[in-house]
Amino acid sequence: MSEQSTHISQGATTKLRRELKARHLTMIAIGGSIGTGLFVASGATVAQAGPGGALFSYIIIGLMIYFLMTSLGELATYLPVSGSFSTYGSRYVDEGFGFALGWNYWYNWAVTIAVDLVAAQLVMGYWFPEIDGWIWSAIFLFIIFMLNYISVKGFGEAEYWFSLIKVITVIIFIVVGILMIIGIFRGAENAGWHNWQIGETPFVGGFSAIIGVAMIVGFSFQGTELIGIAAGESKDPGKNIPKAVRQIFWRILLFYVFAILVISLIIPYTDPRLLRNEVADISVSPFTLVFENAGLVSAAAVMNAVILTAVLSAGNSGMYASTRMLFTLAKEGKAPKIFSRLSLGGVPRYALIATTLVAALSFLSSIFGNQVVYLWLLNTSGMTGFIAWLGIAISHYRFRKGYMLQGYDLNKLPYRSGFFPIGPIFAFVLCLVITLGQNYQAFLSDKIDWYSVIANYIGIPLFLVIWFGYKLVKKTHFVHYRQMDFPEYDENLNK
């Protein structure tokens, strides 16, 4: 390596660039979680739990997400670092806990990128069935890689426009739905409260159905925590992160709760098409069904384009989140040092290349017949989003308790969650219930399907092995409240 390049790589490793503006953070906060979970799988939630059960699940999970984001907002505004909850876990819980959170989160998003690549080829197959799907996946992986390779601004701008398309789609959907409900648009099916009166109750399947649906709903919300990862590269985080957090409540109410209400009022939960929640069949997306009922004949083609946008957005966000997490782990000495190097544009390109390779290898396992390997990778990553949320709740609770115990003034926090301690406790308990209850029916049968149980729950022991393995090797311990480090907040340094 030349003297000049050595100087560049060493000089560039000092800090990430704060180039994400308020509009980027706002769209990342809401757009990060609007994807196939809302556009496609939301129909299955109505079919399985009934209109009342689905709406209740979205409201309760939405409330939990809002509490979590206020907790993350307090932490990320006070200490805006790209490692986010991994760093907070190390500082305020246990170093091994933060280590496990970081590696699990990196792995989760790296594998999720591969899932998005598979979904992209299914979507493109709608228009170009004669072209091999892996070609599309390779093209989209290259596009996502380049958006993240050039600069953080490239990621931010791409995510802004991806998210804007999704947001506009949901708004149009809600407006069209309301017009159908009040009778201005006459659809093929009658819209109204009578769809809630089919059967004895709008809560179909009881408590077990609501728990089952809550898991689908929870997965569809994953991605909102990206504002914590983006905090390390946001302009004026003390101002912009709280702004994004405050807007989340109203956006959850509009984009999720209203959308589910509209679906449940227009489409009977007994409609068999709602259960076919596959990305490969865009025609049965509840959004498509509602648009078609309103007489929009090209609804399937339009929704196909929107779902492709959602898939690319998820892959773009996943590449960003996993790259920054690996970069921070390397900066903290918990990953090979090479991943902490930054380009002149402030991009951790070695971490980006490593993440891209893992995503590509995971994707290749799905097309070369190793479906078992691919499914196990997917199952081990599926739990990680909930574990990250649990980590946020625990870290915030301990952060605030330690902050107060050491006599610091709460009024000096740049942003303070107004729901402590109820918020993090509520989020922790609900996340724990959903995580442990995701396949509880398997334990109630006469003969337990251990393969299914292990496939569903493998993420939990994997996390615990990484955590306690690190504790054993490094001999770490829980951070006592009196030993917590609270650096003085400097507004100028965080701009």
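Residues numbered from 1 in each chain as written. Predicted model: local features only at pLDDT ≥ 70, side-chain atom pairs only at ≥ 80, totals over all residues. Heavy atoms only, no water.

**Student:** Outline helix α17 (residues 422–436), supporting the account with residue identities and numerical values.
**Tutor:** The first and last C-alpha atoms of α17 sit 21 Å apart over 15 residues, in line with the 21 Å expected at 1.5 Å per residue. Looking at α17, one finds that the buried residues are G423, P424, A427, L430, C431, I434 and T435. Along the axis of α17, the buried positions cluster into a sector of 140 degrees, meaning they face one direction only. The inward-facing, buried residues of α17 abut α4 (42–78), α9 (206–221), α16 (384–405), α18 (450–457) and α19 (459–474). (Helix = DSSP H or I, 4+ residues; strand = E, 2+ residues; numbered from the N terminus. Expected span 1.5 Å × (residues − 1). Buried < 20%, exposed > 50% of the residue type's maximum accessible area, 1.4 Å probe, protein only. Arc of directions from axis to C-beta. Contact = heavy atoms within 4.5 Å.)

**Student:** Describe helix α13 (residues 299–331), naming the residues involved and giving the relevant values.
**Tutor:** Between its terminal C-alpha atoms α13 stretches 48 Å, which fits the 48 Å expected from 33 residues at 1.5 Å a residue. α13 sits mainly inside the fold: 28 of its 33 residues count as buried. Looking one or two residues past α13, G333 carries a phi angle of roughly 80 degrees, positive in sign.

**Student:** Tell me about the packing of aromatic side chains, and name the residues and values.
**Tutor:** According to the stated counting rule, one finds 37 aromatic pairs in the structure shown. Ring centres 4.2 Å apart and planes at 35 degrees place the aromatic pair F221 and Y256 in the tilted group. Of this pair, F221 sits in helix α9 while Y256 sits in helix α11 (residues 237–266), and the two are 35 residues apart along the sequence. Each of the two residues, F221 as well as Y256, counts as buried. Grouping aromatic residues by their ring pairs yields a cluster made of Y78, Y92, F399, Y403, Y408 and F486. Stacked on the ring of Y149, the Lys or Arg R349 has its end atom at 3.9 Å from the ring centre. We note R398 situated over the ring of Y481; from NZ or CZ to the ring centre the distance is 4.8 Å. (Phe/Tyr/Trp six-rings, centres within 6.5 Å; stacked < 30°, edge-to-face > 60°. Lys NZ or Arg CZ within 6 Å of the ring centre and 35° of its normal.)

**Student:** Which residues make up unusual backbone geometry, and what values go with them?
**Tutor:** Note that the residue after F420, namely P421, is joined by a cis bond; omega there is 0 degrees. Along the chain, the position of P421 falls in the loop between α16 and α17. If you check the backbone angles, D236 has positive phi at about 50 degrees while not being a glycine. Inspection of the secondary structure assignment puts D236 in the loop between α10 (226–230) and α11. Given a relative accessible area of 22%, D236 falls into the partly exposed group. Backbone geometry at K475 places phi at a positive 55 degrees, although glycine is not the residue there. Here K475 shows up in the segment after α19.

**Student:** Lay out the packing of helix α12 (residues 286–293) against α13 with the relevant residues and their values.
**Tutor:** Packing of α12 against α13 leaves a shortest axis separation of 9 Å and a crossing angle of 150 degrees. One finds that α12 runs roughly antiparallel with respect to α13. Handedness of the crossing formed by α12 with α13: right-handed. Of the residues in α13, those in contact with F287, T288, F291 and E292 of α12 are A299, A300 and M303. Among the residues making up the contact of α12 with α13, the classes are represented as 5 nonpolar, 1 polar and 1 charged. (Axes fitted to C-alpha atoms, helices over the stretch in contact; angles between N-to-C directions. Parallel < 35°, antiparallel > 145°, perpendicular 65-115°, else oblique. Left-handed = near helix turned anticlockwise from the far one by under 90°. Nonpolar A, V, L, I, M, F, W, Y, C, P; charged D, E, K, R; others polar.)

**Student:** Run through the confidence of the model for the chain, naming residues and quoting values.
**Tutor:** When the pLDDT values of the chain are averaged, the result is 83; 88% of them are 70 or greater. Mean pLDDT per element in the chain: helix α1 (residues 3–12) is the minimum at 38, and α16 is the maximum at 94. Confidence over residues 1–13 falls short of pLDDT 50; this stretch has 12 contacts with residues more than four positions distant or in other chains. (pLDDT = per-residue confidence, 0-100.)

**Student:** Describe the pattern of salt bridges, listing the residues and the values that go with them.
**Tutor:** Taken as a whole and assessed by the stated rule, the structure comprises 4 salt bridges. E74 serves as the salt-bridge partner of R400, at 2.7 Å between the closest nitrogen and oxygen. On the criterion of sequence distance, the pair formed by R400 in helix α16 and E74 in helix α4 is long-range, its members being 326 residues apart. By relative accessible area, which is 4% here, R400 ends up buried. Accessibility expressed as a relative area gives 0% for E74, which makes it buried. Here D485 and R91 are joined by a salt bridge, their closest N and O atoms 3.6 Å apart. (Salt bridge = Lys/Arg side-chain N within 4 Å of Asp/Glu carboxyl O.)

**Student:** How would you sum up the packing of α4 against helix α5 (residues 85–92)? Please name residues and give values.
**Tutor:** At a minimum axis separation of 11 Å, α4 and α5 run at an interaxial angle of 85 degrees. Of the possible angle classes, the one that applies to α4 and α5 is roughly perpendicular. Contact with α4, carried on its side by L72, L75, A76 and Y78, involves F85, Y88 and Y92 of α5 and no other residues of that element. In terms of residue class, the contact of α4 with α5 is made up of 7 nonpolar, no polar and no charged.

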